[in-house]
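# Breakdown of the fold
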Amino acid sequence: MTDIIPFLKSLLSVSGLSGFEGPVAKLIEEKWRPLVDETSLSRVGSLHGLKKGSGKEQRPAIMIATHMDAIGLRVSKIRDGFLHITNIGGIDIRVLPGMEVTVHVSGTNEELPAVIAMPSTRLLPESEGDAVIAMNHLLVDTGLTPREVEKNVRVGDLVSFANEPLELAGDVLSGHSVDNRASVAALTVCLEELQNTSHDWDVWAVATVQEENSYLGAYSSAFQLRPQIAIAVDGTHAKGPSANGWQTFPMGKGVGLCIGPNMHPFLHKKLKEVADRTEIPWFLDVTPDHSGTDAYPMQTTAEGIPTALVEFPIRYMHTPVESVAVKDIQRAGRLLAEFIASLEADFVDTIVWE
Ligand SMILES: [Zn+2]
């Protein structure tokens, strides 16, 4: 198995906020191009990679969705040379003060390094002194004079996290956008595994846009490609300090296979069988209601597409230091490849809801 860390680190070093995925899409396209038969962009910017199966024409197809968009910020107001910000996607605002960010000047390729700062506690209203500082008090400082800021920066400009990914000891990688670029890396592992594996089915590898706000990418690609079955890959909450409930899972111990109304039980059963047969460790994640992932839009597209959800645990979700075990990414990729290879031409006819 090839080392996925360098590619994942490059994915964690580019921007690509929800609705503005261009920079990361380009990087993924370059990586996927030699691994698939064709690549294209959907009308809304999702990346499609088609790896053709070896079955007879009119082959069934599976779509694997990994969202490539990331949470971030944008300029909401400019005052005295400082930028006020609002969020793109669900950000944990407790961790923002002290962050390094990049301001993307709209209409140019210019990027301004900046930091997120907040007024001294003594200068804030007494009621806010010791509390989490609300976003409207946070300031982005580019170091430029008010006049230069007025000239360069516009309300609406994007602000992305700028911290570089960090390899922690013990096979853990930390950085912004691990949700969900780690899944893009897992799908890449899957495509690499499929280079030497025969599979009857066509495979649509899809890096979707806008999962963090509207599911636009997964809805539109599932509608366009009409796969017979679909799998979403995404992060779930890892166990950690003060995070030990039933909805958290140990990191580095395997992949999550979800059950719940958003997942097709037959696909879940089949994934479990493949994981057991290939000795890939897994845990069960009971996901009530809407899974909050691309599994939902794919399942509810067109006539309804049988869909499964594969996950791996991430610590500190929706912060700039999301952390993941590299081993889990490789396992998820291998499981996807083994699952695809196991699909027989008539698999769709055997699917029952039970
Ligand atoms: Zn996600």
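Only a predicted model underlies this, so the values are computations on that prediction, with no experimental measurement involved.

Further remarks concern the environment of M68. Note on placement: M68 falls in the loop between β3 (61-67) and β4 (72-79). Here the alpha-carbon distance between M68 and H290, two residues 222 residues apart in the chain, equals 20 Å.

Here we take up the coordination of the zinc ion. Here the zinc ion is held by H67 (NE2), D179 (OD), D234 (OD) and D234 (OD), and the distances to it run 2.0 to 2.8 Å. Here the donor residues of the zinc ion share one chain and are spaced in sequence as H-x111-D-x54-D. On the criterion of sequence distance, the pair formed by D179 in helix α4 (residues 178-194) and D234 in strand β13 (residues 229-237) is long-range, its members being 55 residues apart.

Turning next to unusual backbone geometry. Residues D179 and N180 are joined by a peptide bond in cis, for which omega reads 20°. Not every positive phi belongs to a glycine, and Q210 is a case in point at roughly 55°. Structurally, Q210 can be placed in the loop between β12 (202-208) and α5 (216-225). By relative accessible area, Q210 is classed as buried at 19%. Although it is not a glycine, E279 sits at a positive phi angle of roughly 55°. Its location among the elements puts E279 in the loop between α6 (265-277) and β15 (282-286).

Let's shift gears to the nonpolar core. Within the largest apolar cluster, 60 residues are counted, with the highest numbers of intra-cluster contacts made by I28, W32, I62, I229, I231, F312 and F339. When residues of this core are assigned to their parent elements, the largest contribution, 10 residues, is made by α4. Dropping the residues within four chain positions of it, F312 is found in contact with A182, S183, A186, V233, D234, G235, T236, V324, D328, I329 and A332. Core analysis: the next-biggest nonpolar cluster, separate from the first, contains 24 residues, L73, V103, L124 and M135 among them.

So, about the side chain of R59. Topologically, R59 is positioned in the loop between β2 (47-51) and β3. A polar atom in the side chain of R59 sits 2.7 Å from the side chain of D202.

When you tally the buried positions in strand β16 (residues 307-315), you get eight out of nine residues, the bulk of the element. In terms of strand pairing, β13 meets β16 through eight bridges, oriented parallel. Within β16, the residue paired with D234 across the bridge is E311. When strand β14 (residues 255-259) meets β16, the two strands line up antiparallel, connected through two bridges. By the bridge assignment, L257 is partnered in β16 with V310.

This paragraph deals with the environment of R315. Within the secondary structure layout, R315 lies in strand β16. Each C-alpha atom of the pair R315 and V178 lies 9.8 Å from the other, and the pair is 137 residues apart in sequence. If we skip the residues at most four places from it in the chain, R315 touches A238, K239, M251, V321, E322 and S323.

Structurally, the position occupied by V286 is in strand β15. Owing to a relative accessible area of 41%, V286 belongs among the partly exposed residues under this scheme. What V286 contacts, discounting residues up to four positions off in sequence, is W246 and I259.

The α-helix advances 3.6 residues per turn, and as a result positions three or four apart in sequence lie on the same side. All buried positions along α5 are accounted for by G217, A218, S221, A222 and L225. Along the axis of α5, the buried positions cluster into a sector of 115°, meaning they face one direction only. Packing partners of the buried residues in α5 comprise β2, β3, β12 and α7 (295-299).

Where side chains of opposite charge bring their charged atoms close, a pairing between them can arise. Tallying each qualifying case throughout the model produces nine salt bridges. Across the pair D202 and R59 runs a salt bridge, and its minimum N-O distance is 2.7 Å. One end of the pair, D202, is in strand β12; the other, R59, is in the loop between β2 and β3, with 143 residues separating them in the sequence. Judged by relative accessible area, which is 12%, D202 ranks as buried.

Turning to the packing of aromatic side chains, a few remarks are in order. Applying the stated rule across the entire model yields three aromatic pairs. Between F249 and F283 the ring centres are 4.4 Å apart and the planes differ by 15°, which places this aromatic pair in the stacked class. Pair noted here: F249 is in the loop between β13 and β14 and F283 is in strand β15, with a separation of 34 residues, a long-range link. Judged by its relative accessible area of 6%, F249 falls in the buried class. With centroids separated by 5.8 Å and ring planes inclined at 40°, the aromatic side chains of F266 and F347 adopt a geometry described as tilted. Residue F266 is found in helix α6, and its partner F347 is found in helix α9 (residues 347-350); the two are separated by 81 residues along the sequence. Accessibility classification places F266 together with F347 in one group, the buried group. Over the ring of F7 we find K31; its NZ or CZ atom is 5.1 Å from the centre of that ring.

How each quantity is defined
- Residues numbered from 1 in each chain as written.
- Predicted model: local features only at pLDDT ≥ 70, side-chain atom pairs only at ≥ 80, totals over all residues.
- Heavy atoms only, no water.
- Helix = DSSP H or I, 4+ residues; strand = E, 2+ residues; numbered from the N terminus.
- Donors = N, O, S within 2.8 Å, 3.2 Å for Na, K, Ca; no water.
- Buried < 20%, exposed > 50% of the residue type's maximum accessible area, 1.4 Å probe, protein only.
- Core = buried A, V, L, I, M, F, W, Y, C linked by side-chain atoms within 4.5 Å.
- Contact = heavy atoms within 4.5 Å.
- Polar contact = N/O pair within 3.5 Å; in protein donor to acceptor, adjacent residues only side chain to side chain.
- Pairing = 2+ DSSP bridges.
- Arc of directions from axis to C-beta.
- Salt bridge = Lys/Arg side-chain N within 4 Å of Asp/Glu carboxyl O.
- Phe/Tyr/Trp six-rings, centres within 6.5 Å; stacked < 30°, edge-to-face > 60°.
- Lys NZ or Arg CZ within 6 Å of the ring centre and 35° of its normal.

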